[in-house]
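In case you want the letters, here they are:
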Amino acid sequence: MKYLSIILLLFFASFFPFGTSAKTSNSNEGFVTESVTEEEKNTVLKNISISKITKEPERQPIECFDVNENGEIAIGIYTTKEKIICIYSDDGTFQYGYKFYTSGNFGVELKESNLYIYLVRSDIAIGIAPSGEIIEMSKIQNTSENNSYWNNYVSSNKRIVGDKVYILKNDMGIFNLFSPSYSQLIVQDGNGNQNIIYDVNSSQLTKNIIILLSILAFSAIVISCVVVQTTKSIKGRR
């Protein structure tokens with residue numbers, strides 16, 4: 001039974017990775033970076049194969065986001081094939097986006113209308129103009145200040161722009177405990193009025209219920225097999 005418990009624990013962990021809550025911050029000081037060579041730049045661009053998209057993909061849970069002073073919103077999502085960043089207007093209308101390939105996590109930031117993609121594994125910052133032109137690439141230095149910026153701003157689930165507060169959240173009851181991403185983006189104005197700009201709560205809840213039922217069914221089968229084998233073993237010793 002000891003080994004069965006370990007197997008079940010690992011199985012649950014593979015489906016429900018536990019994430020930490022992002023901190024709130026409205027600071028926007030930026031990363032301290034250093035330049036990269038032209039060769040390094042070309043290698044990065046070749047590896048991630050970034051391209052612009054003009055049609056909104058199927059909405060997925062939010063992995064990261066940012067909001068600029070004009071209320072434009074960048075939302076980063078994961079799909080089974082690629083990573084995608086969508087740019088929305090202040091009322092949640094899709095404008096354009098980018099798809100690219102990376103095996104690691106990433107963060108986003110909107111500086112005016114320029115999008116910055118931060119690749120976690122390689123510590124690379126890529127700046128892209130609305131036209132799709134790469135305007136900048138640099139290396140994020142490994143400093144305590146940069147780590148603080150990662151944790152307190154880029155990875156935060158909240159942005160404050162003027163009198164508006166943008167918040168990432170889930171509304172899935174107990175399944176909130178197991179979700180590493182967010183199903184809703186809500187904006188709250190100075191009077192406390194809330195508006196849901198981006199919402200995949202229903203579809204994500206359905207997926208989580210299906211996963212849970214699958215896990216319970218798998219667990220029941222494993223336990224049944226162990227009980228049967230244990231019973232046979234006991235009978236064989238008699």
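Before going into details, it helps to say that this report is about the structure given with it. (Residues numbered from 1 in each chain as written. Predicted model: local features only at pLDDT ≥ 70, side-chain atom pairs only at ≥ 80, totals over all residues. Heavy atoms only, no water.)

**Observations regarding the pairing of strand 9 (residues 124-128)**
Moving on, step 1. The buried fraction of strand 9 is high, at five of five residues.
Moving on, step 2. Neither face of strand 9 is exposed, since I124, I126 and I128 on one face and A125 and G127 on the opposite face are all buried.
Moving on, step 3. Looking at chain direction, strand 8 (residues 114-119) and strand 9 are connected through five bridges and run antiparallel. Considered in strand 9, the bridge of Y116 is made with G127.
Moving on, step 4. What sits between strand 8 and strand 9 in their antiparallel hairpin is a turn of four residues, with D123 showing a positive phi close to 55°.
Moving on, step 5. Pairing analysis gives five bridges linking strand 9 to strand 10 (residues 134-140), with the strands arranged antiparallel. (Buried < 20%, exposed > 50% of the residue type's maximum accessible area, 1.4 Å probe, protein only. Helix = DSSP H or I, 4+ residues; strand = E, 2+ residues; numbered from the N terminus. Pairing = 2+ DSSP bridges.)

**Concerning the sheet that holds strand 12 (residues 164-169)**
Two modes of strand pairing occur in sheets, parallel and antiparallel, and in both the strands are linked by backbone hydrogen bonds.
Moving on, step 1. Taken in spatial order, the four strands of this open sheet run 11-12-13-14, and their pairing is antiparallel. What marks the edges here is a single partner per strand, and that holds for strand 11 (158-161) and strand 14 (194-199). In this sheet, adjacent strand axes meet at a mean angle of 20° when their direction is disregarded.
Moving on, step 2. Strand direction decides the pairing type here: strand 12 and strand 13 (residues 184-188), joined by five bridges, are antiparallel. Counterpart to Y166 in the pairing with strand 13 is V187. (Axes fitted to C-alpha atoms, helices over the stretch in contact; angles between N-to-C directions.)

**Focus: the environment of I77**
Moving on, step 1. Mapped onto the elements, I77 comes out in strand 4 (residues 73-78).
Moving on, step 2. Counting along the chain gives 105 residues from I77 to Y182, while the straight-line C-alpha distance between them is 9.9 Å.
Moving on, step 3. What I77 contacts, discounting residues up to four positions off in sequence, is P57, E58, Q60, P61, I62, E63, K83, I84, F106 and Y198. (Contact = heavy atoms within 4.5 Å.)

**Observations regarding the sheet that holds strand 6 (residues 94-100)**
Moving on, step 1. With antiparallel pairing, the five strands of this open sheet are ordered in space as 2-6-5-4-3. If you trace the sheet from one side to the other, it starts and ends with strand 2 (51-53) and strand 3 (64-67), each paired once. Across the sheet, the mean angle from the axis of one strand to that of its neighbour is 20°, orientation sign disregarded.
Moving on, step 2. Bridging between strand 3 and strand 4 involves four bridges; their strand directions are antiparallel. By the bridge assignment for strand 4, F65 is matched with I75.

**Quick word on the packing of aromatic side chains**
Moving on, step 1. On inspection of all chains with the given rule, the structure shows ten aromatic pairs.
Moving on, step 2. Taking 5.9 Å as the distance between ring centres and 75° as the angle between the ring planes, the aromatic pair formed by Y88 and Y198 counts as edge-to-face. Of this pair, Y88 sits in strand 5 (residues 83-88) while Y198 sits in strand 14, and the two are 110 residues apart along the sequence.
Moving on, step 3. By relative accessible area, Y198 is classed as buried at 2%. (Phe/Tyr/Trp six-rings, centres within 6.5 Å; stacked < 30°, edge-to-face > 60°.)

**Here we look at the nonpolar core**
Moving on, step 1. Among the nonpolar cores identified, the biggest contains 20 residues, and I62, F65, I73, I75, Y166, L185 and Y198 are the most heavily contacted of them.
Moving on, step 2. Elements supplying a minimum of two residues to this core: strand 3, strand 4, strand 5, strand 12, strand 13 and strand 14.
Moving on, step 3. Residues within four places of I73 in sequence aside, it is in contact with D66, V67, C86, I87, Y88, S89, L110, Y166, L185 and I197.
Moving on, step 4. Membership of the second largest hydrophobic core comes to 19 residues, among which are A74, V108, I117 and M137. (Core = buried A, V, L, I, M, F, W, Y, C linked by side-chain atoms within 4.5 Å.)

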